[in-house]
Every structure is written in structure tokens, then in C-alpha cells.
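# Structural description and commentary
For reference, the chains in residue letters:
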Amino acid sequence: MNNITIYHNPACGTSRNTLEMIRNSGHEPDIIYYLDTPPAREELKKLIAAMGISVRALLRRNVEPYELLGLADDRFTDEQLIDHMLEHPLLINRPIVVTPLGTRLCRPSEVVLDILPEQQKGAFTKEDGERVTDETGRRVKE
């Protein structure tokens, strides 16, 4: 039984890096391509609660629906914001990772290291060349 889930967008570098860090820890997660199969309302609410963030904190701001819908205005309730995220999954920030140790919005991607049950099995370098872990799997501070 798999105990790690990632809400993933393969077009996103942060999401790809997060997925590869999960794999580098020796796990193959359940991958939910949330743009194709967004979470149901109750699942999205559970994820937000588990992350301990506000609904607004999960909103992606640099996408067209955000501006078109006027979501920068404070006039929207949490339920209305969730309605918009479910109608336009692109508005859901990503990647979201669920493990036995917690649920996080993994931005930056290294946040996933805080909730993985196993440490990295070796060196990991992000797509942009930034080193995250060394050969022993320990975090690198550059």
C-alpha cells in the first residue's frame, strides 16, 4: 500500500522536482494529475485543513483565471474561492504532497523533505542546477 500522494502538474518544474525527491527517497507515490482529476470539494477542504493554510494561500495568482475572475478582491468567501478552484483547477497551487508525516504545499520543492518518511538515498539536484542533497542524502545549504 502506498502512503505518499502528490497532486502533480508535470508541466511545472517545482512539481517535477518534488516528485523526483520523493522517488529519491525510495518511494513511488500515487500521482494525481489534479488538472485532469481535481479533488472533490471535501477532499480539497481536508487538504487545506491538513496543510494548516488559508484557502486564499492555496490560490495560484499568476494564472489567467485569477485576474479574469477578480480573485484579488477580498469579497470572496472561502467557499466561493473553493468553487473557483474546482471550476478552474489551474487556480490550485501545486504540488501538494500527503505523507504519514504531514501534508504540505511544496513550494519550494525542498519542503517535501520535511514530510518524507525516509531521507534521500543519494544526491539530488534540481532541474535548474541547484543542489538539494549530497551523496549521503543530507541537505546541502548553498
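This text gives an overview of the structure that appears in the document. (Residues numbered from 1 in each chain as written. Predicted model: local features only at pLDDT ≥ 70, side-chain atom pairs only at ≥ 80, totals over all residues. Heavy atoms only, no water.)

### Comments concerning the overall build of the protein
Helix and strand counts for the protein come out as four helices and six strands. Along the protein, from the amino end to the carboxyl end, the secondary structure elements read β-α-β-α-α-α-β-β-β-β. Relative to the globule expectation of 14 Å for 142 residues, the C-alpha radius of gyration of the protein, 16 Å, shows essentially globular dimensions. The principal-axis extents of the C-alpha atoms in the protein amount to approximately 50 × 35 × 25 Å. Pairs at least 24 apart in sequence give 55% of the contacts found in the protein among residues at least 6 apart. With the model as given, the accessible surface of the protein reaches about 7,500 Å², and the carbon-plus-sulfur share is 48%. With 18 positive and 23 negative side-chain charges, the protein shows a spacing of 3 Å between the two charge centroids. (Helix = DSSP H or I, 4+ residues; strand = E, 2+ residues; numbered from the N terminus. Rg over C-alpha atoms; globule rule 2.2 N^0.38 Å. Contact = heavy atoms within 4.5 Å. Areas by Shrake-Rupley, 256 points an atom, 1.4 Å probe, with all protein chains shown as cover. Lys, Arg positive; Asp, Glu negative; His and termini not counted. Charge placed at Lys NZ, Arg CZ, Asp CG, Glu CD.)

### Here we look at the sheet that holds strand E4 (residues 102-105)
Ordered by their spatial adjacency, four strands build an open sheet running E2-E1-E3-E4, and the pairing between neighbours is mixed. Edge positions in the sheet fall to strand E2 (30-33) and E4, since each of these pairs with one other strand and no more. Averaged over neighbouring strand pairs, the angle between their axes works out to 15° when direction is ignored. One ladder, built from four bridges, connects strand E3 (residues 96-99) with E4; its direction is antiparallel. Directly across from Ile 96, in E4, lies its bridge partner Leu 105. Lying over the sheet, helix H1 (residues 13-24) contacts strand E1 (5-8), E2 and E3, oriented at roughly 160° with respect to E1. Helix H2 (residues 41-51) rests against E1, E3 and E4 of the sheet, and its axis sits at about 95° to E4. (Pairing = 2+ DSSP bridges. Axes fitted to C-alpha atoms, helices over the stretch in contact; angles between N-to-C directions.)

### Some thoughts on the pattern of salt bridges
A full pass over the atoms with the stated rule returns 11 salt bridges. As a salt-bridge pair, Arg 75 and Asp 73 come within 3.2 Å of each other at their nearest N and O atoms. Overall, Arg 75 belongs to the exposed group, its relative accessible area being 56%. A relative accessible area of 39% means that Asp 73 is categorised as partly exposed. With a shortest N-O distance of 2.7 Å, Lys 126 and Glu 110 are connected by a salt bridge. Here the residue Lys 126 occupies a position in the loop between strand E5 (124-125) and strand E6 (131-133), and Glu 110 occupies one in the loop between E4 and E5, the gap between them amounting to 16 residues. Salt bridges sharing common partners tie together Arg 41, Glu 42, Lys 45, Glu 79 and Asp 83. (Salt bridge = Lys/Arg side-chain N within 4 Å of Asp/Glu carboxyl O. Buried < 20%, exposed > 50% of the residue type's maximum accessible area, 1.4 Å probe, protein only.)

### What to know about the pairing of E2
Across four bridges, E1 lies against E2 in parallel orientation. Bridge pairing in E2 links Ile 6 to Ile 31. As for the winding sense of the linkage, the β-α-β connection from E1 through H1 to E2 is right-handed. (Right-handed = clockwise from strand over helix to strand, strands pointing away.)

No statement about biological role is implied by the geometric values presented.
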